[in-house]
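A closer look at the structure
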Amino acid sequence: MRIALDAAGGDFGAEPNVLGAAQAVNTLGCEVILAGDEKILNAKISALNLSGVKGLSVVHAPEIVDMDADPAKECRSKKGASVVVAAQLVKEGKADAFISAGNSGATMVAALMKIGRIEGVLRPAIGAPLPHINGGLTLLLDAGANTECKPQHLMQFAVMGSIYASKIYGVKKPKVGLLSIGEEEGKGNDLVKKTYPHLKNLGINFIGNIEGRDIPAGTADVAVTDGFTGNIALKLAEGLAKGLFTMIKREVSKNPLALLGMWLAKPSLMNIKKVTDPDMAGGAPLLGIDGVALVSHGKSGQKAIFNAVKTAKKLVESGFVREIKEHLAGYKETFEKLEAEK
């Protein structure tokens, strides 16, 4: 198993990428190919005493995508950009998957340019796993790739998300909810109202509208929405989890007895922190791409990169891309009809 990693991606430079990749090679039994400036990467590998790690290699990619520039233009004009080279490795069969903690838009563009989308997929989506109180995960999609959507896009997100939850999370009949501002049919904006009746007749386990609070409650296994709303929900969930732990520590520090109680409860609190830590998933898959591609958080450290490689390996082994292809083929006429009506 070979995983390509955009080693120039992320807010903290090459070090966490190199450390996470080396950890993955040593513990997961896979190869990791680092795409980036070979002088910088080889120097970092040497400085971290990782030169002897077998399975860790470097492919020269001297250019970097500008975070403030248009992702499509950057990927087209910078063929030597690390994220583009990482995706190219998958296209050429030199890697089984690729990961980037860089510009998420550029990661999507590079995946589309080099790997392409599954036949029939209108728009790929980012699927973000969010923990819920029952101990499982709810897949939120789209989590940021498509800010403007139509009903047929959300319908495909629902189908792909349902397959993913079944194949990766092991849920036999995933419950799919449409994120809205009320549970009743008829609630929501124009997109939600138009999408609702189509999801009812799609043949999936559609449970109707869900609200934001239903995601941590585990009401649905898949939460479907547009990328604008989904990204806000994702960032709110991540910020709230970190904020709550910060507030708990601050309040407990004011009371000596509370400090004792927190010490006794520390194992339980650490388990909760572990579950809510976005670094544990490592990255969010791009569903609809004809291959395995993961978008990692810009602030990914060694742990997140390691877990991203672990997730990528699991996705390749699962064969979920093949499952999506087979299922979407059955909806071909439905989606083509909706596209023709626009």
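Anything mentioned here points back to the structure above.
Description of the structure in this document. (Residues numbered from 1 in each chain as written. Predicted model: local features only at pLDDT ≥ 70, side-chain atom pairs only at ≥ 80, totals over all residues. Heavy atoms only, no water.)

Moving on: the pattern of salt bridges. One pass over the structure, following the stated rule, counts 11 salt bridges. The residue E15 makes a salt bridge to K44 at a minimum N-O spacing of 3.3 Å. With a gap of 29 residues between them, E15 in helix α1 (residues 14–28) and K44 in helix α2 (residues 38–47) connect regions that are remote in the sequence. Residue classification places K44 among the partly exposed residues on the basis of a relative accessible area of 26%. With a closest N to O distance of 3.5 Å, E323 and K167 form a salt bridge. Of the two residues, E323 is situated in helix α12 (residues 320–329) and K167 in helix α6 (residues 151–168); the sequence distance between them amounts to 156 residues. (Salt bridge = Lys/Arg side-chain N within 4 Å of Asp/Glu carboxyl O. Helix = DSSP H or I, 4+ residues; strand = E, 2+ residues; numbered from the N terminus. Buried < 20%, exposed > 50% of the residue type's maximum accessible area, 1.4 Å probe, protein only.)

Here α6 crosses helix α7 (residues 190–200) at 50 degrees, and the two axes come no closer than 9 Å. Classified by the angle their axes make, α6 and α7 are oblique. Crossing of α6 over α7 shows right-handed handedness. Contacts between α6 and α7 pair P151, L154, M155 and A158 from the former with L191, K194, T195, H198 and L199 from the latter. In the contact of α6 with α7, the residues fall into 6 nonpolar, 2 polar and 1 charged. (Axes fitted to C-alpha atoms, helices over the stretch in contact; angles between N-to-C directions. Parallel < 35°, antiparallel > 145°, perpendicular 65-115°, else oblique. Left-handed = near helix turned anticlockwise from the far one by under 90°. Contact = heavy atoms within 4.5 Å. Nonpolar A, V, L, I, M, F, W, Y, C, P; charged D, E, K, R; others polar.)

Going through the model one piece at a time under the given rule, you end up with 3 aromatic pairs. Ring geometry for Y164 versus Y169: centroids 5.7 Å apart, planes at 90 degrees, classification edge-to-face. Considering the side-chain rings of Y164 and F320, the 5.4 Å spacing of their centres and the 90 degrees angle between planes classify their relative orientation as edge-to-face. With Y164 in helix α6 and F320 in helix α12, the pair connects residues that are 156 residues apart, well separated along the chain. Look at Y164 and you get buried, because its relative accessible area is 3%. Aromatic ring contacts, followed pair by pair, group Y164, Y169 and F320 into a single cluster. (Phe/Tyr/Trp six-rings, centres within 6.5 Å; stacked < 30°, edge-to-face > 60°.)

Pairing in this open sheet of 5 strands is mixed, and the strands run β6-β7-β10-β8-β9 from one edge to the other. Bordering the open sheet on either side are β6 (128–131) and β9 (206–210), each of which pairs with just one other strand. Across the sheet, the mean angle separating the axes of adjacent strands is 30 degrees when strand polarity is ignored. One ladder, built from 3 bridges, connects strand β7 (residues 137–141) with strand β10 (residues 222–224); its direction is parallel. Bridge pairing links L139 to V222 in β10. Relative to the sheet, α7 contacts β8 (176–179) and β9, its axis offset from that of β9 by approximately 165 degrees. (Pairing = 2+ DSSP bridges.)

Moving on, we get to the nonpolar core. Ranked by internal contacts, the top residues of the largest apolar core, which has 64 residues, are V32, L34, L56, V224 and F320. Counting residues per element, this core draws most heavily on α6, at 10 residues. A4, I33, A35 and L130 belong to the second largest nonpolar core, which has 39 residues in total. (Core = buried A, V, L, I, M, F, W, Y, C linked by side-chain atoms within 4.5 Å.)

So, on to the pairing of strand β1 (residues 2–6). For β1, a buried count of 4 out of 5 residues is recorded, marking the element as mostly surrounded by other parts of the structure. By the bridge criterion, 5 bridges tie β1 to strand β2 (residues 31–36) in an arrangement that is parallel. Each residue of the ladder has a partner; that of L5, found in β2, is L34. At this point the chain moves from β1, through α1, to the parallel β2, and the crossover so formed is right-handed. Looking at chain direction, β1 and strand β4 (residues 97–100) are connected through 4 bridges and run parallel. The residue of β4 that forms the bridge with A4 is F98. (Right-handed = clockwise from strand over helix to strand, strands pointing away.)

A few words now on the sheet that holds strand β11 (residues 284–287). In space, the 7 strands of this open sheet follow the order β3-β2-β1-β4-β12-β11-β5, with mixed pairing throughout. Each edge of the open sheet carries a strand with a single partner, namely β3 (56–60) and β5 (125–126). Relative to strand β12 (residues 292–295), β11 is paired through 2 bridges, and the arrangement is antiparallel. In the sheet register, A284 faces β12, and the bridge partner there is V295.

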